[in-house]
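Each chain, letter by letter, is given below.
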Amino acid sequence: MRQHLLALALIAALGGCQQADSPTPTTGTEAATPAGDAAVDAAFADLSKRALDTWMQLSPISATQIGDHRYDSEIDDLSAAGQQKVLTAYKALLGDLDKIDVSKLSRENQVDAAILRNQLQSEVWTAEVLQSPKWDPQMYNGMAGSALYGLMAREFAPLPDRLKSATARMEKLPQIFAQARENLDPARVPKIHAETVAKQNRGILSIVDTFITPHIGELPAEDQKRLQAAIEGLKKAVDEQQTWLDKTLVPNAKGDFRIGAELYDQKLKFALNSSLSRAEIGERARAELKRVRQDMYGIAQTVLKDKPGAPALPANPSDEQQQAAIEAALELAYADKPARDKVVEDAKAALEQSTEFVRKHDLMTLPDSPVDIILMPEFQRGVAVAYCDSPGPLDKNLKTFYAVSPIPDDWTDKQVDSFLREYNSRMIHLLSIHEGTPGHYLEGWHSGKFPSTLRAVLRSGLFAEGWAVYTERMMQEQGYLDNDPLFHLVQLKFYLRTISNAILDQGVHVDNWTREQAMHLMTHDAFQQESEASGKWVRAQLTSAQLPTYFVGAQEHFDTRKAVQDKQGAKFNLKAYHDQMLSYGAPPVRFARQLMLDQPIE
């Protein structure tokens, strides 16, 4: 998955550091073409800048991740008064946007206006209707950890400056814990949310131990004293929060993790910014599930032919025969897996191989900025196995992180085997394609070149996740790993995960699925290992309307490429298509399609 680092204001989860000469965000809208009405474009440029400035001021932790370092010593105010201030500001911006005749804007600005409206409406709805600060403790925990991690993970300023910012933030972080205790209503907090945060709470101290404590000596004596005091204060606050989590929140958490059909449909609309409805997504996902399983059976017939002990492989199999054949074929792939302590090392090698394949086959323009494969920070573990963390749009020429969660030390051999069967050697290749090249890392680099800062800040998760899934199929179609049929089989299995994500999310939050129903979909229909499926069951409870982004985004990318190919015919060039698609700055895919095909912006 792509780590969503640009959530704003009340749902902001990531942070940064102080830098004296931080740039003021600009919209970049002056570069938009073709031209619209100059006066209207100018009015929208002014509104865009005010919206960005408002977000940065009200959400310093998000601002740092975006790369605006004017507020790096500050943290977000999640008190009741602070929340009301944010809501009032968003409504004012929305009112100003309503005064602009968007039909007179340039096409690129029409896209930005639509994105801005969706974001503002989403934030107002989240504050007034979903009311996350009252029931979701994850936002407080994520914000606290990210406030420090964002400061120390990237070298966007000299280390002493970042340490001073960390000091200032650590002095303020206890108020986030206090606001969590004040705002959260245990009766509305789901048990799974409370238990997850209770496990993650002390992870913030690992950030201090890893990134901050070893460098205390690099500060002047007075600054060292202040930093040490801030660390001790944070440790005390974390201990106090842990006691409250263990003794008060977890025992009294009575909320339902299912948000229900009405809230789900509203949240899905804002999260996807897609023309597809919940019903359409579900129908298309179920059809794809059936089609992909049929394709996997065809591969199984090939790789199992004449193998001793192979199951029956009839031309028209029963459901049981299809299941047995695909499982037997997958066993051939599972036999090739990394050692327990080599997952990260193998991911690095796979990334190098996929990058070289893209270069050799000239599939798209490659990035010239660095990427590091790292162990996932402790405070961010427990939701996904891996993620790509690109630098903020205002932080130029900094590293992208491809983070992989290590296998827990306390896992049994059975748990480890289940994990490594799921993340077998071919799956590691797919993971590195998805998170690295030509997936999230490459897409993030291209998107960062688009001139509109507004679009960069509000970049579409649907575009990003859909692109990463699209590249998995594209690489297989282009012959990656020498057209290995088992790689194709594993790629289809990985795609089944994308499909089942969309079905699972609806099943859990709308259709009241039990764990057994969810596990059957994942382990039987989508062939996932028990450990992967169990983790996804937890994730489905902790999140809503995010899991479908992979499937919906991928469908829109597949559909767009087909539409462009149909239009261009023999003139279609794959590299040119990829570079053009990536040149739009990651708006919702439907807008990229409208721009590419010269259709009205709707």
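Only a predicted model underlies this, so the values are computations on that prediction, with no experimental measurement involved.

This paragraph deals with the overall build of the protein. Regarding its fold elements, the protein presents 25 helices and 3 strands. Taken over the C-alpha trace, the protein has a radius of gyration of 24 Å; the compact-globule value for 602 residues is 25 Å, and the two agree within 12%. The dimensions of the protein, computed from C-alpha atoms along their principal axes, are 75 × 60 × 45 Å. For the protein, with 602 residues in total, the buried portion stands at 60%. For the protein, the proportion of contacts with a sequence separation of at least 24, taken over those separated by at least 6, is 81%.

Turning our attention to the packing of aromatic side chains. What the rule picks out here adds up to 12 aromatic pairs. An angle of 45 degrees between the planes, with centres 5.8 Å apart, marks the rings of Trp-125 and Phe-270 as tilted. Highlighted residues: Trp-125 in helix α4 (residues 107-130) and Phe-270 in helix α10 (residues 260-272), separated in sequence by 145 residues. Between Phe-357 and Tyr-480 the ring centres are 5.2 Å apart and the planes differ by 85 degrees, which places this aromatic pair in the edge-to-face class. With Phe-357 in helix α13 (residues 343-361) and Tyr-480 in helix α19 (residues 480-483), this residue pair connects regions lying 123 residues apart in the sequence. Assessed through its relative accessible area of 11%, Phe-357 is described here as buried. Here a set of aromatic residues connected by ring pairs shows up, and it is made of Trp-467, Tyr-470, Tyr-495 and Phe-558. Against the face of Tyr-495 rests Arg-473, its NZ or CZ located 5.2 Å from the ring centre.

The subject of this paragraph is helix α21 (residues 515-525). Among the residues of α21, those classed as buried are Ala-518, Met-519, Leu-521, Met-522 and Asp-525. Summarising the contacts, the buried residues of α21 are in contact with α11 (278-304), α20 (485-509) and α22 (530-542). Once α21 ends, the next one or two residues include Phe-527, with phi positive near 60 degrees.

Moving on, we get to the sheet that holds strand β1 (residues 371-375). The strand order across the open sheet formed by 3 strands is β1-β3-β2, and the pairing between neighbours is mixed. With one partner strand each, in any of the chains shown, β1 and β2 (386-389) form the two edges of the open sheet. Between one strand and the next, the sheet's axes are offset by a mean angle of 20 degrees, whatever the strand orientation. Strand direction decides the pairing type here: β1 and strand β3 (residues 400-404), joined by 5 bridges, are parallel. Considered in β3, the bridge of Leu-375 is made with Val-404. The sheet strands contacting helix α15 (residues 425-435) are β2 and β3, and the helix crosses β2 at an angle near 25 degrees.

Calculation notes
Residues numbered from 1 in each chain as written. Predicted model: local features only at pLDDT ≥ 70, side-chain atom pairs only at ≥ 80, totals over all residues. Heavy atoms only, no water. Helix = DSSP H or I, 4+ residues; strand = E, 2+ residues; numbered from the N terminus. Rg over C-alpha atoms; globule rule 2.2 N^0.38 Å. Buried < 20%, exposed > 50% of the residue type's maximum accessible area, 1.4 Å probe, protein only. Contact = heavy atoms within 4.5 Å. Phe/Tyr/Trp six-rings, centres within 6.5 Å; stacked < 30°, edge-to-face > 60°. Lys NZ or Arg CZ within 6 Å of the ring centre and 35° of its normal. Pairing = 2+ DSSP bridges. Axes fitted to C-alpha atoms, helices over the stretch in contact; angles between N-to-C directions.

Honestly, that's just the spatial picture; any functional story needs more than this.
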